[in-house]
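As a plain string of letters, each chain reads:
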Amino acid sequence: MKRGPGSFYRRAKSIQLLVTRDRTDIVRFLRSKRIELSMRQRLALVRRLTRVTNAVRGYHTLGEILAITTEILERERPVVVEAGVGPGSSTVKLSIATALAGGRLFAFDTFRGIPDNDEVHTHLGGPLGGRQLVFRKGAFRATLPRVQRAIDQWGEPGLTRLIKGHVEETLPKLDAHVDVAILDLDLIASTRAAIRALWPKLVPGGVLLSIDGQLRATHELLADKSFWQDDLGCDPPEIRGLWRDKLLRIGKPDSASPETPPGSSCSASDSDCTK
Ligand SMILES: C[S@@+](CC[C@H](N)C(=O)[O-])C[C@H]1O[C@@H](n2cnc3c(N)ncnc32)[C@H](O)[C@@H]1O
């Protein structure tokens, strides 16, 4: 039986997950007082996100996307950054949430899959707790034109910009103050580089979210006082979900001020940008 995007199996699986794994998160989203959408808008959004799940391969749960969506919708005209696009399912969904909030979305990836690396990871917990895993070079590969087509068909292309290259090089060039940053990069070297580039650009009250909490190394990095002090020049911020959750939330204190963005920017004329 065909099981991939667009298949009957995929749609049936989605319905099963809606009433089992994702049910509590959906109810929480529908009842949330943090956002101003009507019940009709919330239900329409859940339906639209589910259609994307059925059409484009993704590596997240609906619950994770709804939690991130809530962060986006709480803000006015937010600048949203995603690092780690994969085939584009999360990017399409973030574009839909960002459109509802009147914001802009910048999405970064190699668009060649996981870079060369020699990292060996350990699952933090759950049924796979303690098991080792590696991320093969090229895993999750999807080309930029393919992701762009998914956004054109299912998402909100007008406000979304895809930026190709290693985040170590592309993220420092982003010329914007960031409200919500989402990291899903798997490799700890990539996550470290992304936080180093993005944390100074986050506005006070902004939020950095990582969906890589299944990996012990993500928690070790975020819990490392010397990472925050030596690499970022600040004390460790409050981290929600540390040593527990897959989705980790790091809030930028309200009193902190974002850096002045560097002069070099990723403008529409750059060869590694689209739109
Ligand atoms: C698990 S996938 C992202 C999945 C996607 N967020 C989703 O939920 O469907 C991880 C992605 O991170 C990207 N990545 C990892 N390290 C990177 C780096 N240093 N620079 C750019 N992209 C990187 C890979 O190319 C891959 O597409």
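Here the residue numbering is sequential within each chain, running from 1 through the sequence in written order. Only residues with pLDDT of at least 70 are given local features in this predicted model, and only at 80 or more are side-chain atom pairs given and counted; all residues enter the totals for whole chains, interfaces and linings.

**A short note on the overall build of the protein chain**
- For the protein chain, the helix and strand inventory stands at 10 helices and nine strands.
- For 275 residues, the compact-globule estimate of 2.2 N^0.38 gives 19 Å, and the C-alpha radius of gyration of the protein chain, at 18 Å, lies within 12% of that figure.
- Dimensions of the protein chain along its principal axes, counting C-alpha atoms only, are 50 × 40 × 40 Å.
- Contact between residues is assigned whenever the C-beta positions, reconstructed from backbone atoms, fall within 7 Å. Taking as baseline every contact in the protein chain between residues at least 6 positions apart, the subset at least 24 positions apart corresponds to 74%. We count a stretch as a helix when DSSP gives it H or I for four or more residues in a row; a strand needs E for two or more, and each element gets its number in order from the N terminus. Atoms counted for the radius of gyration: C-alpha only. Globule rule: 2.2 Å times the number of residues to the power 0.38.

**Section: the site of the ligand**
- Whether a residue is near a molecule or strand depends on its C-beta atom, generated from backbone atoms, being within 6 Å of that molecule or strand. Not every one of the 22 residues close to the ligand is listed here, only the nearest: Gly84, Gly86, Ser90, Asp184 and Ser190.
- At the level of elements, helix 5 (89-100) and helix 7 (167-170) are the ones that each hand at least two residues to the shell around the ligand.
- Here the nonpolar group is Ala, Val, Leu, Ile, Met, Phe, Trp, Tyr, Cys and Pro; Asp, Glu, Lys and Arg are the charged ones; every other residue, Gly included, is treated as polar. When its residues are assigned to classes, the shell around the ligand shows eight nonpolar, 10 polar and four charged.

**Some thoughts on the sheet that holds strand 9 (residues 248-251)**
- By the convention used here, strands pair only if DSSP detects at least 2 bridges between them. Strand order in the open sheet formed by seven strands is 5-2-1-6-7-9-8, and the pairing between neighbours is mixed. Whereas interior strands pair on both sides, the edge strands pair on one side only; in this sheet they are strand 5 (160-164) and strand 8 (239-240).
- Bridge count for strand 6 (residues 178-183) against strand 7 (residues 202-210) is five bridges, and the pairing is parallel. Residue pairing across strands places Leu183 opposite Ser210, the latter belonging to strand 7.

**What to know about the pairing of strand 9**
- The alternating pattern of strand 9 places Leu248 and Ile250 on a buried face and Arg249 and Gly251 on a face that is not buried.
- Pairing of strand 7 with strand 9 involves four bridges; the strand directions are antiparallel. Along strand 9, the bridge assignment pairs Val207 with Gly251. To sort residues by burial, count the other C-beta atoms lying within 10 Å of each one's C-beta; a count of 20 or more means buried, 12 or fewer means exposed, and anything in between means partly exposed. C-beta atoms are built from the backbone.

**Re the environment of Pro172**
- You can see Pro172 is positioned in the loop between helix 7 and strand 6.
- With 22 residues separating them along the chain, Pro172 and Ala194 place their C-alpha atoms 8.4 Å apart.

**So, the nonpolar core**
- One finds Val81, Ala181, Ala194, Leu198, Leu208 and Leu209 to be the most contacted residues of the largest nonpolar core, which totals 61 residues.
- With six residues, helix 4 (residues 62-73) is the single largest residue contributor to this core.
- Those residues within four positions of Leu208 in sequence are excluded, and the remaining contacts are Ala181, Ile195, Leu198, Trp199, Leu202 and Ile250. Here, a nonpolar core means buried Ala, Val, Leu, Ile, Met, Phe, Trp, Tyr and Cys residues linked by C-beta atoms lying within 7 Å of one another.

**Quick notes on helix 8 (residues 188-198)**
- All of the buried residues in helix 8 are Ser190, Thr191, Ala193, Ala194, Ile195, Ala197 and Leu198.
- The elements touched by buried residues of helix 8 are strand 1 (79-83), helix 7, strand 6, strand 7 and helix 9 (216-223).

**Quick word on the packing of helix 4 against helix 5**
- Running from amino to carboxyl end, helix 4 crosses helix 5 at an angle of 30°, the nearest separation of the two axes being 9 Å. As far as their axial angle goes, helix 5 and helix 4 are roughly parallel. Both helix 4 and helix 5 take part in a crossing whose hand is right-handed. On helix 5, the residues touching Ile65, Ile68, Thr69, Ile72 and Leu73 of helix 4 are Ser90, Lys93, Leu94, Ala97, Thr98 and Leu100.
- Class assignment of the residues belonging to the contact of helix 4 with helix 5 gives a composition of seven nonpolar, three polar and one charged. Axis lines are fitted to C-alpha atoms, over the contacting stretch for helices. Their N-to-C directions set the angle, which ranges from 0 to 180 degrees. Roughly parallel here means an angle under 35 degrees, roughly antiparallel means over 145, roughly perpendicular means 65 to 115, and every remaining angle is called oblique. Crossings are assigned a handedness: left-handed for a near helix turned anticlockwise from the far helix by less than a right angle, right-handed for a clockwise turn.

**Concerning the pairing of strand 6**
- The buried fraction of strand 6 is high, at six of six residues.
- By convention, a crossover is right-handed whenever its connection, traced from the first strand over the helix to the second and viewed with the strands pointing away, goes clockwise. Between strand 6 and its parallel partner strand 7, the chain crosses via helix 8, and the hand of that crossover is right-handed.

**Focus: the packing of helix 3 (residues 39-55) against helix 5**
- Following both chains from N to C, one finds helix 3 and helix 5 inclined at 160°, their axes separated by 9 Å at the closest point. Relative to helix 5, helix 3 is oriented roughly antiparallel. The way helix 3 lies across helix 5 gives a crossing that is right-handed. In this structure, helix 3 uses Arg48, Leu49, Val52 and Thr53 to contact helix 5, whose residues at the interface are Ser89, Val92, Lys93 and Ile96.
- For the contact of helix 3 with helix 5, the class distribution of residues is four nonpolar, two polar and two charged.

**With respect to the environment of Leu17**
- Note on placement: Leu17 falls in helix 1 (residues 8-19).
- Here the alpha-carbon distance between Leu17 and Gly130, two residues 113 residues apart in the chain, equals 26 Å.

**Considerations on the confidence of the model for the protein chain**
- In the predicted model, the protein chain carries a mean pLDDT of 91, and 93% of its residues have values of at least 70.
- On a scale of 0 to 100, pLDDT captures the predictor's confidence in every residue. Segment residues 262-275 is flagged for pLDDT under 50; beyond a separation of four residues in sequence, or across chains, it makes 24 contacts in the model.

**A few points about the environment of Val85**
- On the secondary structure map, Val85 appears in the loop between strand 1 and helix 5.
- On a C-alpha basis, the gap between Val85 and Ala142 in space is 8.6 Å, while along the polypeptide they are 57 residues apart.
- Among all residues touching Val85, those that are not within four sequence positions of it are Thr91, Ala107, Asp109 and Val147.

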